[in-house]
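# Examining the three-dimensional arrangement
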Amino acid sequence: SIKAIESSSKEDDTTWLTYWVVYGVFSVAEFFSDIFLYWFPFYYAGKCLFLLWCMAPVSWNGSQVLYQNVIRPCFLRHHQTVDNVLGNLSTKA
């Protein structure tokens with residue numbers, strides 16, 4: 001999905017690809033922190049509001065904000081390493 005977002009041809013799917021990238025990162029982070037977070041009051045209501053913000057049909061929705069400010073800079077710093085690891089895995093498979 002990140003490769004599709006960063007490709008030169010921009011289409012309508014960019015919005016949803018961005019959402020799925022943010023949702024995937026959120027799901028991985030939640031997997032490791034859920035054991036502590038579910039004790040907080042209104043955690044699930046906050047999670048629902050966060051996901052609604054990520055899907056909101058506005059230009060400042062959560063997916064765009066988080067992707068542009070957090071995920072994209074991290075990916076651009078490490079994309080060569082990720083490509084090398086994936087290339088090595090596909091060769092070994």
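Residues numbered from 1 in each chain as written. Predicted model: local features only at pLDDT ≥ 70, side-chain atom pairs only at ≥ 80, totals over all residues. Heavy atoms only, no water.

## A closer look at the nonpolar core
Quick note on the threshold: Here, nonpolar core refers to any group of buried Ala, Val, Leu, Ile, Met, Phe, Trp, Tyr and Cys residues whose side-chain atoms link them within 4.5 Å. Here the term buried applies to any residue with accessible area under 20% of the maximum for its type, exposed to any over 50%, and partly exposed to those in between, with areas from a 1.4 Å probe on protein chains only. Strands are runs of DSSP state E lasting at least 2 residues, helices are runs of H or I lasting at least 4, and numbering of each runs from the N terminus.
Membership of the largest hydrophobic core is limited to nine residues, which are Ile5, Leu17, Tyr19, Val21, Val22, Leu51, Cys54, Tyr67 and Ile71. Going through the elements one at a time, helix H2 (13–37), helix H3 (43–55) and helix H4 (62–92) are the ones with two or more residues in this core. For this core, the leading source of residues is H2, giving four residues.

## Some words on the UniProt feature "transmembrane region" (unreviewed entry) in the protein chain
Defined as follows: UniProt positions are given in the numbering used here, feature names are shortened, and annotations may be inferred rather than shown by experiment.
The residues that UniProt annotates with the feature "transmembrane region" (unreviewed entry) are residues 20–40. Helix and strand shares over residues 20–40 are 86% and 0% respectively, and the end C-alpha atoms of the span are 26 Å apart.

## As for the environment of Val22
Quick note on the threshold: Contacts were defined at the residue level, with two residues in contact if any of their heavy atoms lie within 4.5 Å.
Relative to the helices and strands, Val22 resides in helix H2. Ignoring sequence-local partners within four residues, the contact set of Val22 consists of Cys54, Ser63, Leu66, Tyr67 and Ile71.

## Here's the deal with H3
Definition in use: Working rule for helices: expected span equals 1.5 Å times residues minus one.
The first and last C-alpha atoms of H3 sit 19 Å apart over 13 residues, in line with the 18 Å expected at 1.5 Å per residue. Elements in contact with the buried residues of H3: H2 and H4.

## Points about the packing of aromatic side chains
Rule in force here: Pairing of aromatic side chains requires ring centres within 6.5 Å, counting the rings of Phe and Tyr and the six-membered ring of Trp. Pairs whose planes differ by under 30 degrees are stacked, by over 60 edge-to-face, and all others tilted.
One pass over the full model with this rule turns up eight aromatic pairs. Pairing Trp16 with Tyr19 gives two aromatic rings, centres 5.6 Å apart and planes at 80°, and the pair type is edge-to-face. In this pair, Trp16 and Tyr19 both sit in helix H2, three residues apart, roughly one turn of the helix. Relative accessible area serves as the criterion here: at 45%, Trp16 is assigned to the partly exposed category. Judged by centre distance (5.1 Å) and plane angle (70°), the ring pair of Tyr19 and Trp20 falls under edge-to-face. Judged by relative accessible area, Trp20 falls into the partly exposed class, the value being 48%. An aromatic cluster is defined as three or more aromatic residues linked by ring pairs; in this entry it consists of Trp16, Tyr19, Trp20 and Tyr23.

## Some remarks on the confidence of the model for the protein chain
What counts is decided by this rule: Values of pLDDT, ranging from 0 to 100, describe the predictor's confidence in every residue of the model.
Averaged over all residues, the pLDDT of the protein chain equals 87, while 96% of them reach at least 70. The secondary structure element of the protein chain with the lowest average pLDDT is helix H1 (residues 2–6), at 71, and the one with the highest is H3, at 92.

## Comments concerning H4
With 31 residues, H4 should reach 45 Å at 1.5 Å per residue; the first-to-last C-alpha distance of 38 Å falls well below that figure. For H4, every residue scored as buried is listed here: Gly62, Ser63, Tyr67, Ile71 and Phe75.

## Topic: the side chain of Ser63
Put simply, the test is: As used in this structure description, the phrase polar contact means that two N or O atoms lie within 3.5 Å; if the pair is within protein, one of them must be able to donate a hydrogen and the other to accept it, and residues adjacent in sequence are counted only when both atoms belong to side chains.
With respect to the helices and strands, Ser63 occurs in helix H4. In this structure Ser63 comes out as buried when scored by relative accessible area, which is 1%. Reaching out from Ser63, the side chain makes a polar contact with the backbone oxygen of Cys54 at a distance of 2.8 Å. Those residues in contact with Ser63, other than ones at most four positions away along the chain, are Thr18, Tyr19, Val22 and Cys54.

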